[in-house]
Amino acid sequence: MGKFPNVSKCESHGREKHTVVADLDGTLLIGRSSFPYFALVAFEVGGILRLLFLLLASPLAGFLYYFFSESAGIRVLIFAAFAGMRVSDIESVARAVLPKFYSTDLHPEAFRVFSSCGQKCVLTANPRIMVEAFLKDYLGADLVLGTEISTFKGRATGFVTKPGVLVGENKAHALQKTFTTTKPEIGLGDRKTDFPFMNLCKESYMVPRKPEVRPVSTDKLLKPIVFHDGRLVQKPTPVMALLIILWIPIGFILACLRIMAGSLLPMSIVYYAFRALGVRVTVKGGPPPPPEKSLGRSGVLFVCSHRTLLDPIFLSTALGRPIPAVTYSLSRLSEIISPIKTVRLNRDRVKDADMIKKLLKEGDLVICPEGTTCREPFLLRFSALFAELTDHLVPVAMNNKMSMFHGTTARGWKGMDPFYFFMNPSPAYEVTFLSKMPEELTCGGGEKSSHEVANCIQRMIAVSLSYECTGFTRKDKYRALAGNDGDVADKPRIGADKIMGC
């Protein structure tokens, strides 16, 4: 390891016209193992059985990697994780899931040097299909040279194409083939098998193994990760992968019990039932009293930030009474098991407005004007329609905590969203009722425009949660993560006047 100087000695100023070539695992990333990222692909595309297969194959991969050759070990991981998968599914996970996990493991010294150079190249043994989206979109890499996987009729065979896995001399050959007339100014690596390509650079530096080093903060990326997908909250190391596999059968039974409690018990005691079953619900602020129909008052419209499709249910739990909800799209299964009434919006402005007004005459109502969920501390743009329909507006800040599974998806089946949320060992929801909007800040009493009211409520909720307001929309999210507009179109559209639920 003493052949090249430490990366901390590399000067990063004045490198705008220089080219840097860097390894990935152990160099740009703090972690030296690529198993967690293969495990993410395995679970997100192939489910628990594929993850189990990869986990069972990992001891063989580790033995070959450390005692025979790096190439052989990586081939085992590629076969166990990729064989039979559609290439498009692997690309989808690489674009929508992996960047969130890669971004939390960036080595500060390697990143400092890499980001200072004008031309950036990454040379890695990982499959190019798995790492390219993150490296180009968030680190600004101009070129990614990685192992190429073999495909047949749009599916991965589990094997690699020539020249094989890019380790050792294969990395050097790939670099020579790419830079035929010039030498890159800087080479970054972390192990002896990186020496061949590092010798081809004008100056090279070693990234020492320091697992305790603090990763780069995500605000240093080229752009923030506002949207990401995938079910797993934590990086699936071998131990965590084993825990996930062992927990899923238990967690599914627990989720069914929690869903049954929420669906079958009176809403006035659901709070206590959830607490007994390990679901923590925290209520802050002072909610308004129920509407009094005898006085002819219309209901209150609760305007919520959107974290999962369970937001209206936990708002009802906090109030101790069921509050109907309007939604843009919901799976049939979610509608069936919902303990509250759910009404599907038609995306027809006039029809939707008439329906919401009708529901408000019957009592309180909840709406999530973002139109879709966001996992990160950002609020998407609020649709302004709700502000035109009533002046009785109560902003509600929703927040939740999950330790194992995300309760939302853009690429997967939304019917499993509530199950995944309740499969967490001890999920938590925080419902914060903000003050009712004063009359002078509404469309009717204050003659404000609907957009002004919507933006004002968005800012109020953002301040309460310490979130950031954005102009992103539902379509932006689904186009980024799933390549569609996010409509649930696998069933007939329900009429505006048909109320689902119990």
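The rules we used
- Residues numbered from 1 in each chain as written.
- Predicted model: local features only at pLDDT ≥ 70, side-chain atom pairs only at ≥ 80, totals over all residues.
- Heavy atoms only, no water.
- Helix = DSSP H or I, 4+ residues; strand = E, 2+ residues; numbered from the N terminus.
- Contact = heavy atoms within 4.5 Å.
- Areas by Shrake-Rupley, 256 points an atom, 1.4 Å probe, with all protein chains shown as cover.
- Lys, Arg positive; Asp, Glu negative; His and termini not counted.
- Charge placed at Lys NZ, Arg CZ, Asp CG, Glu CD.
- 1 Å grid on protein atoms, 1.4 Å probe; cavity = no way out; pocket = protein on both sides within 12 Å on 5 of 7 lines; lining within 4 Å.
- Points joined across faces, edges and corners; volume = space filled by probe spheres on them.
- Nonpolar A, V, L, I, M, F, W, Y, C, P; charged D, E, K, R; others polar.
- Buried < 20%, exposed > 50% of the residue type's maximum accessible area, 1.4 Å probe, protein only.
- Pairing = 2+ DSSP bridges.
- Right-handed = clockwise from strand over helix to strand, strands pointing away.
- Salt bridge = Lys/Arg side-chain N within 4 Å of Asp/Glu carboxyl O.
- Axes fitted to C-alpha atoms, helices over the stretch in contact; angles between N-to-C directions.
- Parallel < 35°, antiparallel > 145°, perpendicular 65-115°, else oblique.
- Left-handed = near helix turned anticlockwise from the far one by under 90°.
- Polar contact = N/O pair within 3.5 Å; in protein donor to acceptor, adjacent residues only side chain to side chain.

**Some thoughts on the overall build of the protein chain**
(1) Moving on: Assigned secondary structure in the protein chain consists of 17 helices and 16 strands.
(2) Moving on: Put simply, 75% of the contacts in the protein chain that link residues at least 6 apart link residues at least 24 apart.
(3) Moving on: With an accessible surface of roughly 22100 Å², the protein chain has 57% of that area assigned to carbon and sulfur atoms.
(4) Moving on: Averaged over its 62 positive side-chain charges, the protein chain has a centre that lies 4 Å from the centre of its 46 negative ones.

**Describing the layout of surface pockets**
(1) Moving on: Of the voids in this model, the largest pocket is the one considered here, and its volume is about 830 Å³.
(2) Moving on: Arg32, Ser33, Ser34, Tyr65 and Tyr66 are the residues nearest the centre of the largest pocket, which is lined by 39 residues in total.
(3) Moving on: Breaking the lining of the largest pocket down by element, the ones donating at least two residues are helix H1 (35–67), helix H2 (70–82) and strand E2 (119–127).
(4) Moving on: Sort the elements by how many residues they give to the lining of the largest pocket and H1 lands first, with eight residues.
(5) Moving on: There is about 600 Å³ of room inside the second largest pocket.
(6) Moving on: In this structure, the second largest pocket is lined by 26 residues; those nearest its centre are Tyr328, Arg347, Pro369, Arg381 and Ser383.
(7) Moving on: Put simply, the parts of the chain that give the lining of the second largest pocket at least two residues each are helix H13 (349–362), helix H14 (385–389), helix H16 (450–465) and helix H17 (474–481).
(8) Moving on: Of the residues in the lining of the second largest pocket, the class split is eleven nonpolar, five polar and ten charged.

**Topic: empty space enclosed by the protein**
(1) Moving on: The tally for this structure, following the rule as stated, stands at three cavities of 30 Å³ or more.
(2) Moving on: In this model, the largest cavity occupies a volume close to 530 Å³.
(3) Moving on: Forming the boundary of the largest cavity are 39 residues, of which His306, Thr308, Leu309, Leu310 and Leu330 lie nearest the centre.
(4) Moving on: When residues in the lining of the largest cavity are grouped by element, the largest group, four residues, is from helix H9 (residues 238–264).
(5) Moving on: Split by residue class, the lining of the largest cavity holds 19 nonpolar, 15 polar and five charged.
(6) Moving on: Here the second largest cavity defines a volume of roughly 60 Å³.
(7) Moving on: Lining the second largest cavity we find Val226, Phe227, His228, Asp229, Thr373, Cys374, Arg375, Thr408, Thr409, Ala410 and Lys477.

**Overview of the pairing of strand E3 (residues 143–147)**
(1) Moving on: For E3, a buried count of four out of five residues is recorded, marking the element as mostly surrounded by other parts of the structure.
(2) Moving on: Relative to E3, E2 runs parallel, the two being bridged by four bridges. Opposite Cys121, over in E3, you have Leu143 as the bridge partner.
(3) Moving on: In this view, the connection linking E2 to its parallel neighbour E3 by way of helix H6 (residues 128–138) has right-handed handedness.

**Digging into the environment of Ala387**
(1) Moving on: Within the fold, Ala387 resides in helix H14.
(2) Moving on: Distance from Ala387 to His451, taken between C-alpha atoms, is 7.8 Å for residues 64 residues apart in sequence.

**Side note on the pattern of salt bridges**
(1) Moving on: Summed over all chains, the structure comprises 21 salt bridges.
(2) Moving on: Between Glu430 and Lys284 there is a salt bridge, and its shortest N-O distance comes to 3.4 Å. One end of the pair, Glu430, is in strand E15 (residues 428–433); the other, Lys284, is in strand E8 (residues 280–284), and 146 residues separate them in sequence.
(3) Moving on: The exposure class of Glu430 is partly exposed, given its relative accessible area of 25%.
(4) Moving on: By relative accessible area, Lys284 is classed as partly exposed at 40%.
(5) Moving on: The partner of Arg349 in a salt bridge is Glu388, and the shortest N-O contact between them spans 2.4 Å. Note that Arg349 is positioned in helix H13 and Glu388 in helix H14, a separation of 39 residues in sequence.

**Considering the packing of H1 against helix H3 (residues 87–96)**
(1) Moving on: Where H1 meets H3, the axes come as close as 10 Å, and the angle between the chain directions of the two elements is 120°. The orientation of H1 relative to H3 falls into the category oblique. You can see that H1 and H3 cross each other, and the crossing is right-handed. Where H1 abuts H3, its residues Leu40, Val41, Glu44 and Val45 lie against Asp89, Ile90 and Val93.
(2) Moving on: Here the contact of H1 with H3 is built from residues that sort into five nonpolar, no polar and two charged.

**Re the packing of H1 against H9**
(1) Moving on: One way to put it is that H1 packs onto H9 with a least axis distance of 11 Å and a crossing angle of 30°. Overall, the two elements H1 and H9 adopt an arrangement that is roughly parallel. Of the two possible hands of crossing, H1 and H9 adopt the one that is right-handed. Contacts between H1 and H9 involve Phe35, Phe43, Ile48, Leu51, Leu52 and Leu55 on the former and, on the latter, Pro238, Ala241, Leu242, Ile244, Ile245 and Ile248.
(2) Moving on: Broken down by class, the residue content of the contact of H1 with H9 amounts to twelve nonpolar, no polar and no charged.

**Looking at the sheet that holds E2**
(1) Moving on: In spatial order, the strands read E3-E2-E1-E6-E7; together these five strands make up an open sheet with parallel pairing. Every interior strand has two partners, whereas the edge strands, E3 and strand E7 (203–206), have only one. Averaged over all pairs of adjacent strands, the angle between their axes in this sheet comes to 15°, without regard to strand direction.
(2) Moving on: Against the sheet, H6 contacts E2 and E3, and its axis sits at roughly 150° relative to E2.
(3) Moving on: Across the sheet, helix H7 (residues 169–178) lies against strand E1 (19–22), E2 and E3, angled at about 145° from E2, the strand it touches most.

**A closer look at the side chain of Ser116**
(1) Moving on: Inspection of the secondary structure assignment puts Ser116 in helix H5 (residues 108–116).
(2) Moving on: Judged by relative accessible area, which is 15%, Ser116 ranks as buried.
(3) Moving on: Polar contacts involving the side chain of Ser116 include one to the main-chain carbonyl oxygen of Ser12, which spans 3.4 Å.

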